[in-house]
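Coordinate analysis (summary)
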Amino acid sequence: IDVVWRASSEDDLMLRPEVEALVAQRKGRLHFVVGSRKFANLDVKTLRDLVPHLKHTEVFLCGPDAVVNQAIESCRALGVDEHRIHHEQFAF
C-alpha cells in the first residue's frame, strides 16, 4: 500500500500519527506532498517518483475538485486503466 497525502501545510496533517500507524500496520509507505498547489501537486512527475508502479495498482482519490482532477489526469497519463481509478471529490 502506498498512501500519498497532499496537504497545503503541516498544520493540515492533524491525523498524521493515526495514519502513520495504519499504514505501518499494513507494511505500506506513506508519502507527503506538502505546500501550495502551485509547488506541491499531484502531477505526473510527482506521482511517478513516489509510486513508480502506479500503472499496475488500484488508485483511490479523495479531495478537493482541483486536486482530484489533476491526480486523475496524471494517473491517465501514467497509463492507469480508467476502471482502476476510484475517486470522491468535494468543493470548498
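Heads up: the structure comes first, above all this text.
The text that follows walks through the structure, step by step, so that each part is easy to find. Keep in mind it's a predicted model, so treat the numbers as computed, not measured.

1. Some remarks on the pairing of strand β4 (residues 85-90)
- Note that strand β3 (residues 59-64) and β4 share 6 bridges and pair parallel. The partner of C62 across the bridge, within β4, is E88.

2. A closer look at the side chain of T57
- Its location among the elements puts T57 in the loop between α2 (44-50) and β3.
- From its side chain, T57 meets the backbone oxygen of L54 in a polar contact 2.8 Å long.

3. Things to note about the nonpolar core
- Counting residues in each nonpolar core, the largest one holds 16 residues, and the members touching the most others are L54, L61 and C75.
- Listing elements by their share of this core, those giving two or more residues are β3 and α3 (65-77).
- Counting residues per element, this core draws most heavily on α3, which supplies 5 residues.
- Sequence-distant contacts of L61, defined by excluding residues within four places in its chain, comprise V68, A71, I72, I85, H86, H87 and E88.

4. Here's the deal with the pairing of strand β1 (residues 2-7)
- Direction of pairing for β1 relative to strand β2 (residues 29-34): parallel, over a ladder of 6 bridges. The residue bridging W5 from the neighbouring strand is F32, located in β2.

5. Observations regarding the environment of V34
- Inspection of the secondary structure puts V34 in strand β2.
- Taking the C-alpha atoms as reference points, V34 and L13, separated by 21 residues in sequence, lie 9.3 Å from one another.

6. Looking at the side chain of H31
- Counting through the fold element by element, H31 comes out in strand β2.
- A distance of 2.7 Å separates a polar atom in the side chain of H31 from a polar atom in the side chain of D2.
- With residues up to four places along the chain from it excluded, the contact list for H31 reads D2, V3, V4, W5, L50 and V51.

7. A closer look at the environment of L78
- Within the secondary structure, L78 is located in the loop between α3 and β4.
- Of the residues examined, L78 reaches a relative accessible area of 17% and is grouped as buried.
- Taking C-alpha positions, L78 is 26 Å from A24, a pair spaced 54 residues apart along the chain.
- If we skip the residues at most four places from it in the chain, L78 touches V44, L47, R48, L54 and K55.

Reading guide: rules and limits
- Along each chain, the written sequence defines residue order, and numbers are assigned to residues from 1.
- In keeping with the predicted nature of the model, local features appear solely for residues at pLDDT of at least 70, side-chain atom pairs appear and are counted solely at 80 or more, and the whole-chain, interface and lining totals rest on all residues.
- Water and hydrogen atoms play no part in the side-chain values, which are based on all heavy atoms of the structure.
- Should DSSP find at least two bridges between two strands, the strands are taken to pair.
- Put simply, DSSP H or I for four residues or longer makes a helix, DSSP E for two residues or longer makes a strand, and each gets a number counted from the N terminus.
- Polar contacts here mean pairs of N or O atoms no more than 3.5 Å apart (in protein, one a potential hydrogen donor and the other a potential acceptor; neighbouring residues in sequence count only if both atoms are side-chain atoms).
- By nonpolar core we mean a set of buried residues, namely Ala, Val, Leu, Ile, Met, Phe, Trp, Tyr and Cys, connected to one another through side-chain atoms within 4.5 Å.
- Note on classification: 1.4 Å probe, protein chains only; a residue is buried when its accessible area is under 20% of the maximum for its type, exposed when over 50%, partly exposed between these limits.
- Contact definition: two residues touch when any of their heavy atoms are within 4.5 Å.

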